[in-house]
Amino acid sequence: MPNVNRILETLEKTYGPQQAAGPTDPYEMIVYLNCGYPASDARCAKGFDALKREVGLSPREILAAPQARLTKLLRLGGIVPEQRAERLQEIARKVKGEYGGDLKAALKKWMQEEKQQTGRGVRAAKKILREFPVIGEPSAEKILLFSKLAPVAAVPSAFVEVPARLWFGKAGKSYAADYGAARDILSAGLAGTIEARQRAYLLLKKHGQQTCKRSQPKCEICPLTGQCAYIQLQAADRNIV
Ligand code: SF4
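Small disclaimer: the values here were computed from a predicted structure and weren't measured. (Residues numbered from 1 in each chain as written. Predicted model: local features only at pLDDT ≥ 70, side-chain atom pairs only at ≥ 80, totals over all residues. Heavy atoms only, no water.)

Caption draft 1: Region of the structure containing the site of the ligand. Every residue near the ligand is listed here: Arg165, Leu166, His207, Cys212, Pro217, Cys219, Cys222, Thr225, Cys228, Tyr230 and Ile231. Taken together, the elements giving at least two residues each to the shell around the ligand come down to helix 10 (161-168) and helix 13 (229-240). Tallied by class, residues from the shell around the ligand come to eight nonpolar, two polar and one charged. (Near = heavy atom within 4 Å. Helix = DSSP H or I, 4+ residues; strand = E, 2+ residues; numbered from the N terminus. Nonpolar A, V, L, I, M, F, W, Y, C, P; charged D, E, K, R; others polar.)

Caption draft 2: Summary view of the domain arrangement of the chain. Each domain of the chain was delimited in the assignment, giving domain 1 (4-18 + 155-240) and domain 2 (26-146). Summarising the inter-unit geometry, the C-alpha centres of domain 1 and domain 2 are found 28 Å apart. Residue-level contacts link ten residues of domain 1 with eight residues of domain 2. When domain 1 packs against domain 2, the two sides together hide about 810 Å² of surface, and 57% of this comes from carbon and sulfur. Our count for the domain 1 to domain 2 interface comes out at three salt bridges. The salt bridge partner of Glu141 is Arg183, with a shortest N-O separation of 2.6 Å. A per-element tally of the side of domain 1 that touches domain 2 places helix 12 (residues 194-210) first, with six residues. Grouping the amino acids of the side of domain 1 that touches domain 2 by side-chain chemistry returns five nonpolar, two polar and three charged. (Domains from an automatic or database assignment. Contact = heavy atoms within 4.5 Å. Buried area = accessible area lost by both parts, 1.4 Å probe. Salt bridge = Lys/Arg side-chain N within 4 Å of Asp/Glu carboxyl O.)

Caption draft 3: Representation of the packing of helix 2 (residues 26-33) against helix 9 (residues 137-146) within the structure. For the pair helix 2 and helix 9, interaxial distance at closest approach is 10 Å and the crossing angle is 140°. Of the possible angle classes, the one that applies to helix 2 and helix 9 is oblique. Crossing geometry of helix 2 relative to helix 9 is assigned as right-handed. Along its contact with helix 2, which presents Pro26, Met29, Ile30 and Leu33, the element helix 9 presents Ser139, Lys142, Ile143 and Phe146. The residue makeup of the contact of helix 2 with helix 9, split by class, is six nonpolar, one polar and one charged. (Axes fitted to C-alpha atoms, helices over the stretch in contact; angles between N-to-C directions. Parallel < 35°, antiparallel > 145°, perpendicular 65-115°, else oblique. Left-handed = near helix turned anticlockwise from the far one by under 90°.)

Caption draft 4: Summary view of helix 2. Counting buried residues in helix 2 gives six out of eight residues, a clear majority hidden from the surface. Turning to helix 2, its buried residues are Pro26, Tyr27, Met29, Ile30, Val31 and Tyr32. Packing partners of the buried residues in helix 2 comprise helix 3 (41-54), helix 4 (59-64), helix 6 (81-99), helix 7 (103-116), helix 8 (120-130) and helix 9. N-capping of helix 2 is provided by Asp25, with a side-chain oxygen placed 3.1 Å from the backbone N of Tyr27. (Buried < 20%, exposed > 50% of the residue type's maximum accessible area, 1.4 Å probe, protein only. Polar contact = N/O pair within 3.5 Å; in protein donor to acceptor, adjacent residues only side chain to side chain.)

Caption draft 5: View of the environment of Ala105. Topologically, Ala105 is positioned in helix 7. Each C-alpha atom of the pair Ala105 and Pro26 lies 9.8 Å from the other, and the pair is 79 residues apart in sequence.

Caption draft 6: How the structure looks around the packing of helix 1 (residues 4-15) against helix 12. Orientation of helix 1 relative to helix 12, taken along the N-to-C sense of each, is 60°, at an axis distance of 10 Å. In terms of orientation, helix 1 lies oblique with respect to helix 12. Between helix 1 and helix 12 the crossing geometry is left-handed. Residues Leu8, Glu9, Leu11, Glu12 and Tyr15 of helix 1 form the contact with helix 12, whose own contacting residues are Arg199, Ala200, Leu203, Leu204, Lys206, His207 and Gln210. For the contact of helix 1 with helix 12, the per-class residue count stands at six nonpolar, two polar and four charged.

Caption draft 7: Summary view of the packing of aromatic side chains. Evaluation of the coordinates by the stated rule reveals three aromatic pairs. For the ring pair Tyr32 and Phe48, a centre distance of 5.5 Å and an interplane angle of 70° mean the geometry is edge-to-face. With a gap of 16 residues between them, Tyr32 in helix 2 and Phe48 in helix 3 connect regions that are remote in the sequence. Given a relative accessible area of 7%, Tyr32 falls into the buried group. Ring geometry for Tyr175 and Tyr179: centres 6.4 Å apart, planes at 25°, overall stacked. Residue Tyr175 and its partner Tyr179 are located together in helix 11 (residues 175-189), separated by four residues, close to a single helical turn. For the cation-ring pair, Arg165 lies above Tyr230, with the distance from its terminal atom to the ring centre recorded as 5.8 Å. (Phe/Tyr/Trp six-rings, centres within 6.5 Å; stacked < 30°, edge-to-face > 60°. Lys NZ or Arg CZ within 6 Å of the ring centre and 35° of its normal.)

Pasting the structure below:
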């Protein structure tokens, strides 16, 4: 089984230290993820920056803005802006009505529970987050990690094939199974700190963007060939043939 920390050291030597993009407040992270579609850092940032500049980000400001105005701004972040404008108001309404305008405070309360009983607070916080539009388990875990609420071993959702190839040689039966298996590997191999887990997330994401691409990994230029299960599986298949 390739060593997690050795892999990350190699990736950091290759790409350098990575910085997270986007906001780090849980409510703003949900807004950000709804500002672009198909979601990418570039599209989400365009929609989010326009929203922040022209309307503001608070639930009150988003609820006061006409939908047509939100739609116009969100068009900068890609397709289906009308639906995303509706979703922004749904998010704002929920945060204002159910969490008194402060989602982070509600999540923090659950992190106090986490100290009493491991797993309980994180499960409850993820459940709250998953009630918002487009937030599945991977995004909920990313939000907890990058808002520094919990050192969850989140895996970059658009690059789950990177750990699947590295540790198992290929993708498994389902996205959910691959995501869970990758999270378990990271959780077991990394220090239980926010910094260690953010670093792993960002380096795996960068590797997926630059080299271990979804449709066609560029193994010929990859610095991890000596450690990668995908390469070993390919070699074994060639020997059998
Ligand atoms: S060797 Fe190929 S499959 Fe393995 S991590 Fe590198 S690019 Fe991905």
